[in-house]
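Structural overview
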Amino acid sequence: MTDVIIAGIGQTEVGEHWDIALRDLAYVAIKEAIADSGGLQPQALFVGNMLAPNLSNQAHLGVLLADHCGMRGIEAVTVEAAGASGGAALRQGYMAVKSGLVDVALVVGVEKFTDQVGAGVDTAVATTSDSDFEAVQGLTASGQAALLMRRYMHEYGVPSDGFAGFPLVAHANGAGNPCAMFRKAIKAEVYGKAEMVSDPINLFDVAPNADGAAAVILTRSDLLPKGYLHPLVKIAASAVSTDTLALHDRHDPLGFWAARESVDAARHKAGITLDQVDFFEYHDSYSIYAALSLEAAGFAPHGEGWKLAAQGAIALNGRIPCATLGGLKARGFAGGATGVYQAVEATIQLRGQAGPCQVENARFGLIQSLGGPASTAVTHILEKITL
Amino acid sequence: MEIPRHWRLKKQRYALVGEVCPHCDYKIFPPRDVCPNCGDEAKTLYTFSGKGEVFSYTTIYEAPTGFDSTAPYTVALVKLEEGPIVTAQLTDLGDQPVEIGMPVEMVTRKMRNDGDERGVIVYGYKFRPKLG
């Protein structure tokens, strides 16, 4: 079978880029990824974006970016699956190359949250939930996560500081990532004093919305340029599952069924066990989502995902290192760019270029991009290989 | 304001009209035409009692457009007697603390304004602590 190689990677710093437009932000990442690949020229562009039509009054990003970034004429489309848009775009690129229809695919994730301020952002994000039956009740994305966290704490008797380990690890790792929004470790007592966003969710349980762009170049191993410099990283598996859109339509809202299904499917395709996973880039838009994702993947039984954080198992030297370059919490949540950031970061890990955040001898990286409360779950497994 | 979108949902918003599956008797809200239990088509209307209990709840401090005037407010997942869970605001709470398991009943209330554009108001279901 054809191996799909992540030949080039590029990313911008995640943050508030008031002075950079969406198209220019994307170009920074695209230019870097093409250069990193040794100059491969894409034949197709897949854009992961969540909210540009709402936040920037800009749809039709495929042609916008192909045109603006010097690739006028190539196939170019946008892929949208809320917070999982980046992961979903990566899968489209993977399928294009894997099928043989495209030799070189460019996947770029980009989001510009700061084109709106205040209530406009919450209103835009709420459009990714069930507009007629959730958003109309004034429910926000944070509120949705809070409903899950409250129920989880009630069912499993979790103490009020039970989730502190998630932001603590994320921020500690973010300190070693030059592209992270927050590059400073935090102390446990800071978590306990943080302002409530939607009880029981406090400020440190929420990943910050921010601007960012990340890009990868995908190709087949036989098409790599002569003298290709990097250790080879391939996409060993790709899987997507969907659950109900609305949280209230689920029999077991705490189950994160789609997250579990997509991890199981990806592991099956890659032919690996959970024990072989060297690190897990989960979608920690909220601490509770990190806990539920760990459980869904099988790293912890139901009701015990939070303990992995409390006991240090998700730290760089732990049993299953997570958010190794800061995760959504410290790197920042750049909406539909997130899944592509995860692919870039996992590639950095597998190439051995993660500096202070390096997971030693990493071979398999599991990355998962969620839309809403795992309404969409996109999972990829990346593997370091030698030819 | 998206008047047609709200108007067409008036049965759901004002009277909790969902569906019952003619094949397996599963109660469905919001209506979805394909039964999530058995997978057959379900279009038989069914009016819910409006009685239920709090499954989970939270407070929204930073409200989306149209909800700012009522923030902070409480949003809950309410498990209806007939089975389904709905997302809804809790109202008429007074000083009463909210708890998981608290019995509640449906009432009709103002849900949001139009973000001060044309003054149109959306009404619909909220839940209050059960009386009596």
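Residues numbered from 1 in each chain as written. Chains lettered and ligands numbered in written order. Predicted model: local features only at pLDDT ≥ 70, side-chain atom pairs only at ≥ 80, totals over all residues.

**A word on the overall build of chain A**
- The secondary structure content of chain A amounts to 13 helices and 11 strands.
- Principal-axis analysis of the C-alpha atoms places the extent of chain A at approximately 55 × 45 × 40 Å.
- Taking all 387 residues of chain A together, 64% fall into the buried category.
- Contacts spanning at least 24 positions in sequence make up 78% of the contacts within chain A whose residues lie at least 6 apart. (Helix = DSSP H or I, 4+ residues; strand = E, 2+ residues; numbered from the N terminus. Buried ≥ 20, exposed ≤ 12 C-beta atoms within 10 Å, placed from the backbone. Contact = placed C-beta atoms within 7 Å.)

**Here's the deal with the nonpolar core**
Residue and element names in this part refer to chain A.
- Within the largest apolar cluster, 178 residues are counted, with the highest numbers of intra-cluster contacts made by V108 and V340.
- In terms of residue count, the dominant contributor to this core is helix α1 (residues 22-36) (nine residues).
- Two domains each provide a minimum of three residues to this core, namely domain 1 (4-117 + 209-232) and domain 2 (129-207 + 239-385).
- Not counting residues up to four positions away in its chain, the partners in contact with V108 are A26, A29, I30, L45, V47, L65, A213, A215 and V340. (Core = buried A, V, L, I, M, F, W, Y, C linked by C-beta atoms within 7 Å. Domains from an automatic or database assignment.)

**Quick notes on the domain arrangement of chain A**
Residue and element names in this part refer to chain A.
- Domain annotation for chain A reports domain 1 (4-117 + 209-232) and domain 2 (129-207 + 239-385).
- The straight-line distance from the C-alpha centre of domain 1 to that of domain 2 is 23 Å.
- Counting from both sides, the interface comprises 40 residues of domain 1 and, opposite them, 33 residues of domain 2.
- For the side of domain 1 that touches domain 2, the leading source of residues is helix α4 (residues 85-98), giving seven residues.
- Counted by class, the side of domain 1 that touches domain 2 contains 22 nonpolar, 13 polar and five charged residues. (Nonpolar A, V, L, I, M, F, W, Y, C, P; charged D, E, K, R; others polar.)

**Quick notes on the interface of chain B and chain A**
- At the interface, 29 residues of chain B touch 24 residues of chain A.
- Taken together, the elements giving at least two residues each to the side of chain B that touches chain A come down to β4 (51-60), β5 (73-80), β6 (85-90), β7 (103-112) and β8 (122-129) of chain B.
- If one sorts the elements of the side of chain B that touches chain A by residue count, β4(B) sits on top with six residues.
- When its residues are assigned to classes, the side of chain B that touches chain A shows 19 nonpolar, seven polar and three charged.

**Observations concerning α4(A)**
All names here are of chain A.
- With 14 residues, α4 extends 20 Å between its outermost C-alpha atoms, agreeing within 8% with the 20 Å of an ideal straight helix rising 1.5 Å per residue.
- Of all 14 residues making up α4, 11 are buried, and the element is well covered by its neighbours.
- Within the sequence span of α4, burial applies to S85, G86, G87, A88, A89, L90, R91, G93, Y94, A96 and V97.
- A positive phi of about 90° marks G100, the residue just after α4. (Expected span 1.5 Å × (residues − 1).)

**Observations regarding the pairing of strand β1 (residues 4-11) of chain A**
Residue and element names in this part refer to chain A.
- Buried residues dominate β1, accounting for eight of its eight residues.
- Here β1 runs beside strand β7 (residues 212-220); their pairing, made up of seven bridges, is antiparallel. Its bridge partner being in β7, I9 is matched across the sheet by V216. (Pairing = 2+ DSSP bridges.)

**Comments concerning the sheet that holds strand β1 (residues 17-20) of chain B**
All names here are of chain B.
- Sheet architecture is open: three strands sit in the order β2-β1-β3, paired in antiparallel fashion. Every other strand in the sheet has two partners, leaving β2 (27-28) and β3 (44-47) as the edge strands with one partner each.
- Looking at chain direction, β1 and β3 are connected through four bridges and run antiparallel. Considered in β3, the bridge of G18 is made with Y46.

**With respect to the pairing of β4(B)**
Residues and elements named next belong to chain B.
- In terms of burial, β4 is largely enclosed, as seven of its 10 residues are buried.
- In the sheet, β4 pairs with β7 via three bridges, with the strands oriented antiparallel. When the bridges of β7 are listed, K51 appears paired with E105.
- Of the pairings in the sheet, the one linking β4 to β5 comprises eight bridges and is antiparallel in character. Looking at β5, one finds that I60 is bridged to Y73.

**Some remarks on the environment of A:S285**
Residues and elements named next belong to chain A.
- Here S285 is to be found in the loop between β9 (279-281) and α10 (287-297).
- Residue S285 is classed as buried on the basis of its C-beta count, with 26 C-beta atoms lying within 10 Å.
- Spatially, the C-alpha atom of S285 lies 9.7 Å from that of A141, the residues being 144 residues apart in sequence.

**Some words on helix α5 (residues 119-126) of chain A**
Residue and element names in this part refer to chain A.
- Burial analysis of α5 places six of its eight residues in the buried class, the great majority of the element.
- Among the residues of α5, V121, D122, T123, A124, V125 and A126 are the ones counted as buried.
- Taken together, the buried residues of α5 touch α2 (52-55) and α6 (141-156).

**A word on the packing of α1(A) against helix α3 (residues 61-68) of chain A**
All names here are of chain A.
- Remark: α1 packs on α3, axes separated minimally by 10 Å, with the N-to-C direction vectors making an angle of 60°. Between α1 and α3, the interaxial angle falls into the category oblique. Where α1 crosses over α3, the two elements pack in a sense that is right-handed. Residues R23, A26 and Y27 of α1 lie in contact with α3, whose contacting residues are L64, L65 and H68.
- Grouping the constituent residues of the contact of α1 with α3 by class yields four nonpolar, one polar and one charged. (Axes fitted to C-alpha atoms, helices over the stretch in contact; angles between N-to-C directions. Parallel < 35°, antiparallel > 145°, perpendicular 65-115°, else oblique. Left-handed = near helix turned anticlockwise from the far one by under 90°.)

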